[in-house]
Amino acid sequence: MADPSLEVCPDFAGDLYTAIRLDLVNATGTTHQAVAERLKDAWTAGHELRVLEWNRQREEEAQAEAEVERVHAAHEEEERRAKEAEAEKEHLESERKKPKMNGFSANATVGDAIAPRPSQYAIQKLNNFKYVELWYFSPDGCKEAMKTSRSIADDTFSLAKIDEQLTICPASAFKASRSALPDHELPFSVFLRAKNLFLTQANTAKWPQTHIDALALFFWHLENHSIWNNSELGDLVVLHYASRVRLDWHDRLKWDEGFNIGIINENLLWSINEEIWDRVRSRTLIAVCIALSTVQRSIAHEISSHLYFLRTPTILHINLSLPAHQHVDAHYTFAWMPTLHLTRMPALHLTWMPT
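Residues numbered from 1 in each chain as written. Predicted model: local features only at pLDDT ≥ 70, side-chain atom pairs only at ≥ 80, totals over all residues. Heavy atoms only, no water.

## Observations concerning the pattern of salt bridges
- Going through the model one piece at a time under the given rule, you end up with 18 salt bridges.
- Between R244 and E275 there is a salt bridge, with the nearest N and O atoms lying 2.8 Å from each other. Of this pair, R244 sits in helix 8 (residues 234–254) while E275 sits in helix 9 (residues 266–291); the two residues are 31 residues apart in sequence, bridging distant segments of the chain.
- Of the charged contacts, one joins D251 and K254 as a salt bridge, the two residues approaching to 3.8 Å between their closest N and O atoms. Of this pair, D251 and K254 both sit in helix 8, three residues apart, which is roughly one turn of that helix.
- By relative accessible area, which is 63% here, K254 ends up exposed. (Salt bridge = Lys/Arg side-chain N within 4 Å of Asp/Glu carboxyl O. Helix = DSSP H or I, 4+ residues; strand = E, 2+ residues; numbered from the N terminus. Buried < 20%, exposed > 50% of the residue type's maximum accessible area, 1.4 Å probe, protein only.)

Structure follows, in structure tokens:
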């Protein structure tokens, strides 16, 4: 549709409209001029209506275009904000992952002593609330951790399954030491030192305070138990008890069957004591049989039976009559001393000499 405002009114008084005017003059009985004026008025009225309609349509179209433009602009603005929000989120995530260096006090100095640092393997075990041998917290364990940390790159990682999810962790966190010893094979003095660092590191790993308190009480009771006055192998008994009970405690916690480790089970402790003394007596019998291989076999059984029931270092004084062809009677002294090899297993020193 063309713009009606551009239309030009026809010349109704001209020759082109003579026939129309003549018909209207004959029909109405008016003059040619009056007819021409009426035709012009009719065209003008129609022209004005067409112009109004045209303007209305243009206004509606402009409003529609403005609405489309508004919606488009709003959509673009929404997309822009979404992109900005995503960019800000990525920036914050990137900033969160960046290594950060905390501040420090300008007046603070290093402490008088620096606590030993266990291996990443032991720390990871603690962070996951899992059992870890006390050797990793001993002086030897910390020394090895220091040497190992220098040889393993900090940017070496491995995949681990933690809480049913795959997690990337340092490779050193998965490598157990070949030098690690079970708790019951540690020297008792090392055991006492290692448990102190273990409790400190457990606290750093955010273990529940109730669990840490129970473990502290557990170690205190063992360190001060009366078995030291009632058994020559008290340290070995305590080490075996600590090793077995602490491992069982962790297992029970995983099964939601946890018990108070700070309460010492006296029956179990003395059962372990008897078990270890059985090993000592068994080794004693073997050693006696070997040591008496040059002595009259008739007394070997008697001496062995006597030693079987011994629980303390003992000196035996025995008169022996040697074979008649040697014409010698002798008094023999047997010194029996239960000792511990590096394997922390009871052994025997048995000496005998004629007196």
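## Considerations on a negative patch on the surface
- A surface patch of negative charge is lined by E69, E76, E78 and E79.
- One can find E69 in helix 2 (residues 32–97). (Patch = residues over 30% accessible without salt bridge, like charges linked within 9 Å, V, L, I, M, F, W, Y side chains within 5 Å. Areas by Shrake-Rupley, 256 points an atom, 1.4 Å probe, with all protein chains shown as cover. Lys, Arg positive; Asp, Glu negative; His and termini not counted. Charge placed at Lys NZ, Arg CZ, Asp CG, Glu CD.)

## Quick notes on helix 5 (residues 188–204)
- Taking 1.5 Å per residue as the helical rise, helix 5 with its 17 residues ought to reach 24 Å, and the 25 Å between its terminal C-alpha atoms agrees with that figure.
- Directly beyond the C-terminal end of helix 5, a positive phi value near 65° is found at K206. (Expected span 1.5 Å × (residues − 1).)

## A word on the nonpolar core
- Core analysis: the largest hydrophobic core is formed by 43 residues, its most contacted members being F137, F191, F198, W207 and F218.
- At the level of secondary structure, the elements contributing two or more residues to this core comprise helix 3 (120–127), helix 5, helix 6 (209–223), helix 8 and helix 9.
- Aside from chain neighbours lying at most four places away, what touches F137 is P118, A122, L126, V132, C142, A194, L197, F198 and Q201. (Core = buried A, V, L, I, M, F, W, Y, C linked by side-chain atoms within 4.5 Å. Contact = heavy atoms within 4.5 Å.)

## Topic: the side chain of H250
- Along the chain, H250 turns up in helix 8.
- Exposure remark for H250: the relative accessible area of 5% places this residue in the buried category.
- Ignoring sequence-local partners within four residues, the contact set of H250 consists of F129, K130, Y131 and W207.

## So, the confidence of the model for the chain
- With 72% of its residues at a pLDDT of 70 or more, the chain has an overall mean of 78.
- A low-confidence stretch, residues 308–355 stays under pLDDT 50, and its non-local contacts, those more than four residues away or across chains, total 122 contacts. (pLDDT = per-residue confidence, 0-100.)

## Some words on helix 3
- Within the sequence span of helix 3, burial applies to Y121, A122, I123, Q124 and L126.
- Where helix 3 terminates, the next one or two residues include F129, which has phi positive at roughly 55°.

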